[in-house]
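# Report on the structure
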Amino acid sequence: FTKMIETLGWHKDQWLDIDRIFIAANNRGLKFADGIFETILIKENKPILFDEHLKRLEKSSKILNINLKINKLTLRQLIHDGIKKLSLKNDQFASVRINYSRGTNEGRTLRIDSTLETKNLDNLWLEFYRIKPNFNPINVCISQTEKINEFSLISKCKTFSYNQAIQVLTEANEKSFDDSILLNTSGELCCGSTFNLLIKRNNQWITPRKESGCLEGIMVSQALKLKIVKEELISPEFQNDDIIVAINSLSCRQINQVNDLKLKPKFDPIYFWDLLYS
């Protein structure tokens, strides 16, 4: 009888418990949050939309000038091996987080001096988790303290730096909300702490346009590809018959309340999520 593995990690050619992965104190990922990542759903023992996630990782690395040395086939094989080790039943879900740091620094400087020397996969580590996708509805407030900078290159990338998301989540919880949504510096609707937004209004699905500064979400990209949704400049004036959905690769949740406004409509998040993942 084998004990069911809940989590699993990989770093420097070793399979380890996640809490046995140690990152050097002079690693820029740890020291300066100087790294990028992707989180991929594992469904029916396969990494879903693997190519799309890897493309976004590559795009982030180009924008931020991080020397990404990952062989796609090697990475795919590692993820395949990790999934096997989790020994999931076919109806069980997991996730893998691909972490990639810029590398280690000599001394304490912010200047980039290190990254050409690294061996292929030294700056990569993987985290596998058994999960249940989250379909529970949430109540949100609009953050009063944080704004997305729509001109920032960092807004376009999935980086290790989650300070802003932590800040708005704390702000929401202090006001007894589950989470926060953010506007950009022009007051345009942008995104949530860790999710994109989809809104059904007047029988049409809309989502904040890329120019708002929102991260180009994989699920939103799917919805755009399937022509289910249109990008628009959206102001934060909600109507109480709006359907508002918070979505990312591991969750699809209806927003039932924004600030004081309670929203009425019913919505089936599982059906919608499956549609995007089919």
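Here goes a summary of the coordinates provided. Being a predicted model, the structure only gives us computed values, none of them experimental. (Residues numbered from 1 in each chain as written. Predicted model: local features only at pLDDT ≥ 70, side-chain atom pairs only at ≥ 80, totals over all residues. Heavy atoms only, no water.)

## Considerations on empty space enclosed by the protein
Empty pockets left among the atoms are what a rolling probe the size of a water molecule brings to light. To keep it simple, the criterion reads: Put plainly, a pocket is an open set of points on a 1 Å grid over the protein atoms alone with protein on both sides within 12 Å along at least five of seven lines, a cavity is a set where a 1.4 Å probe fits but cannot get out, and a lining residue has an atom within 4 Å of a point. Grid points are joined across faces, edges and corners, and a volume is the space filled by probe spheres set on the points. Only DSSP runs of H or I covering at least 4 residues are called helices, and only runs of E covering at least 2 are called strands; the numbering of each starts at the N terminus. Following the grouping adopted for this structure description, the nonpolar residues are Ala, Val, Leu, Ile, Met, Phe, Trp, Tyr, Cys and Pro, the charged ones are Asp, Glu, Lys and Arg, and the polar ones are all others, Gly among them.
The tally for this structure, following the rule as stated, stands at one cavity of 30 Å³ or more. Approximately 70 Å³ is the volume found for the largest cavity. Considering the residues around the largest cavity, the lining is formed by Asn-196, Thr-207, Pro-208, Lys-210, Cys-214, Leu-215, Glu-216, Gly-217, Val-220, Ser-221, Leu-224 and Glu-231. Among the secondary structure elements, those contributing two or more residues to the lining of the largest cavity are strand E11 (204–208) and helix H5 (218–225). Sorting elements by how many residues they give to the lining of the largest cavity places H5 first, with three residues. Across the lining of the largest cavity, the residue classes break down as five nonpolar, four polar and three charged.

## Some details on the packing of helix H2 (residues 50–63) against H5
Rule in force here: Lines fitted to the C-alpha atoms define the axes, with helices restricted to the stretch that makes contact. Angles between their N-to-C directions range from 0 to 180 degrees. If you view the pair so one helix is near and one far, a crossing is left-handed when the near helix is turned anticlockwise from the far one by less than a right angle, and right-handed when it is turned clockwise. Pairs of residues are marked as contacts when any of their non-hydrogen atoms sit within 4.5 Å.
Running from N to C, H2 and H5 cross one another at 115°; their axes reach a closest spacing of 11 Å. Judged by the sense of rotation from one axis to the other, the crossing of H2 with H5 is right-handed. From H2, Glu-52, His-53 and Arg-56 reach across to H5, where they touch Ile-218, Gln-222 and Lys-225. Split into classes, the residues belonging to the contact of H2 with H5 amount to one nonpolar, two polar and three charged.

## Observations concerning the packing of H2 against helix H3 (residues 72–86)
Which entries qualify depends on this criterion: What sets the label is the angle itself: under 35 degrees gives roughly parallel, over 145 gives roughly antiparallel, 65 to 115 gives roughly perpendicular, and the rest give oblique.
Following both chains from N to C, one finds H2 and H3 inclined at 125°, their axes separated by 12 Å at the closest point. Here H3 runs oblique to H2, going by the angle between their axes. In the crossing of H2 with H3, the sense of the turn from one axis to the other is right-handed. Together, Phe-50, Asp-51 and Leu-54 of H2 and Lys-72, Leu-75, Arg-76 and Ile-79 of H3 make up the contact between the two elements. Taken together, the residues of the contact of H2 with H3 sort by class into four nonpolar, no polar and three charged.

## Details of the layout of surface pockets
As a volume, the largest pocket reaches approximately 1,200 Å³. In terms of residue count, the dominant contributor to the lining of the largest pocket is helix H4 (residues 163–174) (four residues). A per-class count over the lining of the largest pocket returns 19 nonpolar, 21 polar and eight charged.

## Side note on the pairing of strand E1 (residues 7–11)
Looking along a regular strand, one sees the side chains alternate between the two faces of the sheet. Here is the rule: When a residue's accessible area, from a 1.4 Å probe over protein chains only, is under 20% of the maximum for its type it is buried; when over 50% it is exposed; and in between it is partly exposed. For two strands to be treated as a pair, DSSP must find no fewer than two bridges joining them.
Most of E1 is tucked away: four of the five residues are buried. Strand direction decides the pairing type here: E1 and strand E6 (residues 124–131), joined by five bridges, are antiparallel. Considered in E6, the bridge of Trp-10 is made with Leu-126. Pairing analysis gives three bridges linking E1 to strand E2 (residues 14–16), with the strands arranged antiparallel. Bridge pairing in E2 places Trp-10 opposite Trp-15. Taking the residues that link successive antiparallel strands as the turn, the E1-E2 hairpin has two residues, and the phi of Lys-12 there is positive, at about 50°.

## Some words on the packing of aromatic side chains
How we decide: Pairing of aromatic rings covers Phe, Tyr and Trp, the last counted by its six-membered ring, and requires centre-to-centre distances within 6.5 Å; plane angles under 30 degrees mean stacked, over 60 mean edge-to-face, and any other angle means tilted. Only lysine NZ and arginine CZ atoms are considered, and such an atom sits over a ring when it is within 6 Å of the ring centre and within 35 degrees of the ring normal.
Tallied over the entire structure, the rule returns nine aromatic pairs. A ring pair is formed by Trp-205 and Phe-267, whose centres lie 5.7 Å apart and whose planes are at 65°; its orientation type is edge-to-face. Taken together, the residues span a long stretch of sequence, with Trp-205 in strand E11 and Phe-267 in the loop between strand E15 (261–262) and helix H6 (269–277) at a distance of 62 residues. A relative accessible area of 17% places Phe-267 in the buried class. Residue classification places Trp-205 among the buried residues on the basis of a relative accessible area of 10%. Linked through ring pairs, Phe-93, Phe-135, Trp-273 and Tyr-277 together constitute an aromatic cluster. A cation sits over an aromatic face here: Arg-97 above Phe-37, 3.7 Å from the ring centre.

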